[in-house]
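Next come the chains, spelled out residue by residue.
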Amino acid sequence: MTTRPMLATAARVLSQLRHDRRTVALLLVVPVALLTLFKYVYQSAPPVFDRIGPIMLGLFPFVTMFLVTSIAMVRERTSGTLERLLTTPLRKLDLLAGYALAFGLVALAQAGIAAAVAIGPLGLTVSAGVSVVVGLAVINALLGMALGLFLSAFASTEFQAVQFLPAAVLPQVLLCGLLAPPEQMSTVLRWASDVLPLTYAVDALTEARTATAVTGAMATDALIVLCCIVAALALGAATLRRRTP
């Protein structure tokens, strides 16, 4: 991996995002708006927001980052930008690392803004502290980014990229433990839950709600998610290839 091409790629991606106000709003404003809506939906039952709120801080960035990155990479492919980049000395890992760096910075801003609003005006209580929650939310956003980059290889249009949202994201949301603990699911569903990365991300955020410090279980869950991010980026690099000789 070479630093200069990676930084150049990250700068290009951030420049494109800066000129796309709708995408910036989707990444920075929508998670806050959804958290606020969720808060007032359960205004008469505050314990529900305190229990689910930390999970939502990671879940919303995961979904929005998956959507944005998968569409962005498909656009790179269909516009011919990716084809031209692959004719240069830029290596595949440099390209994906640049994407990861750019969206990692966006994820940090996204998680920071959402956490500040949730823990501040919305009154969410998190025992582990703001920095731990923000860190876990950033990891969730990077997981969505990595999966989006990888699965974009199987879409030939932006519409097809959007179709991966219910196919690849919603099953993880249903089985991650948000709606019901995996221990209460059937054996097959519990096995499926155990191999989905979002399950471990939710476990870490759930632990952060009650633990006063980073626990071994929380660190293990975060490490598993990070390994899944690396694996998805590696698979994404393997799918990057020129269409013409």
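Look above for the structure.
Now for a look at the structure at hand. Everything numeric in this text was worked out from a predicted model, so none of it was measured.

So, the packing of aromatic side chains
If you walk through the whole model with that rule in mind, you get four aromatic pairs. For the ring pair Phe-38 and Tyr-42, a centre distance of 5.1 Å and an interplane angle of 55° mean the geometry is tilted. For Phe-38, a relative accessible area of 15% corresponds to the buried category. With a centroid separation of 6.0 Å and an interplanar angle of 20°, the aromatic rings of Tyr-99 and Phe-103 are classed as stacked. With a gap of four residues between them, Tyr-99 and Phe-103 both fall in helix H6 (residues 92-119), about one helical turn apart. The exposure classification of Tyr-99 matches that of Phe-103, with both residues buried.

Let's talk about the environment of Leu-223
By the element assignment, Leu-223 lies in helix H11 (residues 216-239). Its relative accessible area of 52% is what places Leu-223 among the exposed residues. Put simply, Leu-223 and Ala-109 are 114 residues apart on the chain and 22 Å apart in space, counted from C-alpha to C-alpha.

Concerning the pattern of salt bridges
Enumeration according to the criterion identifies one salt bridge in this entry. Note that Arg-75 and Glu-158 form a salt bridge whose closest N and O atoms lie 3.2 Å from each other. You can see Arg-75 sitting in helix H4 (residues 46-79) and its partner Glu-158 sitting in helix H8 (residues 158-175), a full 83 residues away along the chain.

Some remarks on a nonpolar patch on the surface
A cluster of nonpolar side chains, contributed by Leu-34, Leu-37, Val-41 and Tyr-42, occupies part of the molecular surface with about 350 Å² of accessible area. Residue position: Tyr-42 is located in the loop between helix H3 (30-41) and H4. Looking at Tyr-42, the relative accessible area reads 33%, which means it is partly exposed.

Quick notes on helix H10 (residues 197-210)
Buried residues of H10: Pro-197, Leu-198, Thr-199, Tyr-200, Ala-201, Val-202, Ala-204, Leu-205 and Ala-208, and no others. In this fold, the buried residues of H10 make contact with H4, helix H7 (130-151), H8, helix H9 (187-194) and H11.

Digging into the side chain of Ser-152
Topologically, Ser-152 is positioned in the loop between H7 and H8. If we ignore the near neighbours within four places in the chain, the residues touching Ser-152 are Ser-70, Met-73, Val-74 and Arg-77.

Structural notes on the packing of helix H2 (residues 21-28) against H3
Contact geometry of H2 with H3 gives a least axis separation of 4 Å together with a crossing angle of 40°. Classified by the angle between their axes, H2 and H3 sit oblique to one another. Counted together, Ala-25, Leu-26, Leu-27 and Leu-28 of H2 and Val-30, Pro-31 and Val-32 of H3 form the full contact between these two elements. When its residues are assigned to classes, the contact of H2 with H3 shows seven nonpolar, no polar and no charged.

Section: the packing of H3 against H4
Closest axis-to-axis distance for the H3/H4 pair is 10 Å, and the angle between their directions is 165°. As the angle between them shows, H3 and H4 are arranged roughly antiparallel. Of the two possible hands of crossing, H3 and H4 adopt the one that is right-handed. From H3, Pro-31, Leu-34, Leu-35, Phe-38 and Lys-39 reach across to H4, where they touch Val-48, Phe-49, Ile-52, Gly-53, Met-56, Leu-57 and Phe-60.

Concerning the state of the cysteines
For the coordinates displayed, the defined rule picks out zero disulfides. Cysteine Cys-176 remains unbridged, with the sulfur of Cys-228 as its closest cysteine sulfur at 14 Å. Exposure remark for Cys-176: the relative accessible area of 1% places this residue in the buried category. The structure places no disulfide on Cys-227, whose sulfur is separated from the nearest cysteine sulfur, that of Cys-228, by 7.0 Å.

Procedures and definitions
- Each residue is numbered by its place in its chain's sequence as written, counting from 1.
- In keeping with the predicted nature of the model, local features appear solely for residues at pLDDT of at least 70, side-chain atom pairs appear and are counted solely at 80 or more, and the whole-chain, interface and lining totals rest on all residues.
- Side-chain measures were taken over the full set of non-hydrogen atoms in the model, leaving aside hydrogen atoms and water.
- What counts as a ring pair is set by centres within 6.5 Å for rings of Phe, Tyr and Trp (its six-membered ring), and what kind of pair is set by the plane angle: stacked under 30 degrees, edge-to-face over 60, tilted for all other angles.
- A simple rule labels every residue: compare its accessible area, found with a 1.4 Å probe on the protein chains alone, to the largest value its type can have, and call it buried under 20%, exposed over 50%, or partly exposed in between.
- Helix and strand definitions here come from DSSP, where helices need a minimum of 4 consecutive H or I residues and strands a minimum of 2 consecutive E residues; each element is numbered from the N-terminal end.
- Any carboxyl oxygen of Asp or Glu within 4 Å of a side-chain nitrogen of Lys or Arg constitutes a salt bridge here.
- Patches in this entry comprise residues that are over 30% relatively accessible and not in a salt bridge; like charges within 9 Å are linked, as are nonpolar side chains (Val, Leu, Ile, Met, Phe, Trp, Tyr) within 5 Å.
- Surface accessibility in these figures is a Shrake-Rupley result with a 1.4 Å probe; residues are shielded only by whichever protein chains are displayed.
- Throughout, a residue-residue contact means that at least one pair of heavy atoms, one from each residue, lies within 4.5 Å.
- Between the N-to-C directions of two axes lies an angle of 0 to 180 degrees, each axis being a line fitted to C-alpha atoms and, for a helix, fitted only over the stretch in contact.
- Orientation is classified from the angle alone, with under 35 degrees giving roughly parallel, over 145 giving roughly antiparallel, 65 to 115 giving roughly perpendicular, and any other angle giving oblique.
- Each residue receives one of three labels: charged for Asp, Glu, Lys and Arg, nonpolar for Ala, Val, Leu, Ile, Met, Phe, Trp, Tyr, Cys and Pro, and polar for the others, Gly being one of them.
- Left-handed describes a crossing in which the near helix is turned anticlockwise from the far one by less than a right angle; the clockwise case is right-handed.
- A pair of sulfur atoms, both from cysteines and within 2.5 Å, is called a disulfide here.

Scope: geometric values only; no functional claims are made or implied.
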